[in-house]
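Spelled out from the first residue to the last, the chains are:
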Amino acid sequence: MSRSPSIPDRPHRDIDSDLPDDERLEALRGHYEDLVDVNDQLTDQLDDAEDRRERLREKVDRVERENETLKSSSLYIATVEDVLDDDQVIVKQHGNNQEVLTDVSSRIVDSVEPGDRVAVNDSFAIQSILDTETDARAQSMEITEKPEVTYADIGGIDEQVREVREAVEQPLIEPELFNEVGIDPPSGVLLYGPPGTGKTMLAKAVANETDATFIKMAGSELVRKFIGEGSRLVRDLFEMARERQPAIIFIDEIDAIATRRTESKTSGDAEVQRTMMQLLSEMDGFEARGEIRIIAATNRFDMLDRAILRPGRFDRLIEVPEPDRDGREQILQIHTRNMNVADGVDFGALADDTEGYSGAEIESLATEAGMFAIRNERNEVAHQDFADALEKIEEDDSSDVISSAGYFYQ
Ligand SMILES: Nc1ncnc2c1ncn2[C@@H]1O[C@H](COP(=O)(O)OP(=O)(O)OP(=O)(O)O)[C@@H](O)[C@H]1O
């Protein structure tokens, strides 16, 4: 840090009053020049001090802004791919593998290196470099203060929405109802059904509706990546939820940690078992009327260890099936509501033609139809675009079957 410049001495001259007038005048002129000189020095120093104060104020503002961003908690994990000049880097976001050119906070710009795992905020600016422990915790959890999904975004599963609201939302919003009646709400809710039918959406929508933090952990990540750490991460998960309650814990692919016990006793099995025991013990010691609710999801209900379905654990089972015809029509309407759709598009006919499609597949159909419109240089999506998209998806699916069959028989 630079030291403050010293204040110049006050000029002093003894002027003898007996001097002849012209010499006295000369001495006074000299004294005056000394004073002007000191005045100039002081003015310069004042300007410097003001500059320094301005710079410090900017720095304080910047640090305050960075602090605010750090405190707002929705941070995502990414890996640094490349460090460029001008405090910019390219990062790849975990989960969706999106590559983004972004800024680095000046605090840490000198420490960022390619390959580092970092926490980025909503606008992808790097907030901190993760150490291994935070990294492991954060990697397996997705934390969102308030997910954007609402019940209005979910189509075709009204009955399931109603059941989830009753089992998860009501105990959070009106715990006194359960106290008055003298019953405990369901401890945990298990959503089961085929992939892409809206299980994750349901959990997010409850969090949105109840202003709860949404904390998602994938069972498969727990056992695949963190051998030896699974049970600690389950503990972390509940601790994180307690710190941020009201919170919805969503454990996706719960089958990965709660499979039926097999005969084989490999170390991997023992690890999975320990992780599941930790989950059960967290749930057993859990206040059902508290501000934390647990939802799990699986596509493999048949494989589940029945121990997790006992009373006091995941004791409310909700099946989320593939949508029926009306459901498919509703989901199509939802996923095209922000699209520029031509008048002649017949959603009823499209619902008829998409039997067996999940919500996620219907979403891809809508996007694909939009792509056809763009390819044909139109900004309005016509019925034919949906028909072409459907044909393309069916073709892609059948070639997948052929290639996987070819592989099988090789
Ligand atoms: N019922 C639905 N209504 C509207 N959109 C849906 C519905 N189901 C799925 N989708 C669309 O598919 C995407 C994936 O859905 P979601 O992640 O909720 O499925 P999931 O059942 O949790 O799947 P998985 O078992 O593979 O985790 C959603 O983001 C949404 O766009």
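Conventions we followed
Residues numbered from 1 in each chain as written. Predicted model: local features only at pLDDT ≥ 70, side-chain atom pairs only at ≥ 80, totals over all residues. Heavy atoms only, no water. Helix = DSSP H or I, 4+ residues; strand = E, 2+ residues; numbered from the N terminus. Buried < 20%, exposed > 50% of the residue type's maximum accessible area, 1.4 Å probe, protein only. Areas by Shrake-Rupley, 256 points an atom, 1.4 Å probe, with all protein chains shown as cover. Near = heavy atom within 4 Å. Polar contact = N/O pair within 3.5 Å; in protein donor to acceptor, adjacent residues only side chain to side chain. Nonpolar A, V, L, I, M, F, W, Y, C, P; charged D, E, K, R; others polar. Domains from an automatic or database assignment. pLDDT = per-residue confidence, 0-100. Contact = heavy atoms within 4.5 Å.

Draft legend 1. Layout of the overall build of the protein. Helix and strand counts for the protein come out as 12 helices and 11 strands. Considering the protein as a whole, with its 410 residues, one finds that 40% of them fall into the buried category. When the accessible surface of the protein is summed, it comes to about 23700 Å², and 47% of that surface belongs to carbon and sulfur atoms.

Draft legend 2. Molecular detail of the environment of Asp37. Mapped onto the elements, Asp37 comes out in helix H1 (residues 21-71). Judged by relative accessible area, Asp37 falls into the partly exposed class, the value being 43%. Placed 26 residues apart in sequence, Asp37 and Pro11 show a C-alpha to C-alpha distance of 9.3 Å.

Draft legend 3. Structural detail: unusual backbone geometry. The amide bond that connects Gln245 to the next residue, Pro246, takes the cis arrangement and shows omega of 0°. Topologically, Pro246 is positioned in the loop between helix H7 (230-243) and strand E9 (247-252). Here the phi dihedral of Phe124 falls at roughly 70°; this positive angle occurs in a residue that is not glycine. On the secondary structure map, Phe124 appears in the loop between strand E4 (117-120) and strand E5 (126-129). At Glu253, a residue that is not glycine, the phi angle is positive and equals roughly 50°. Here Glu253 lies in the loop between E9 and helix H8 (267-284).

Draft legend 4. Molecular detail of the site of the ligand. Around the ligand there are 17 residues in total, and Gly196, Lys199, Thr200, His335 and Glu363 lie nearest to it. Contact distances for the ligand include 3.1 Å between an oxygen atom and a backbone N or O atom of Thr197. Between an oxygen atom of the ligand and a side-chain N or O atom of Lys199, the distance comes to 2.8 Å. When its residues are assigned to classes, the shell around the ligand shows five nonpolar, eight polar and four charged. Each of domain 3 (143-319) and domain 4 (325-398) gives at least three residues to the shell around the ligand.

Draft legend 5. How the structure looks around the confidence of the model for the protein. Summarising the model, the protein shows a mean pLDDT of 83, and 86% of its residues fall at 70 or more. Within the protein, helix H2 (residues 132-140) has the poorest average pLDDT of any element, 60, and helix H9 (residues 325-336) the best, 95. pLDDT under 50 marks residues 401-410. Its contacts with residues more than four places away, or in other chains, come to zero contacts.

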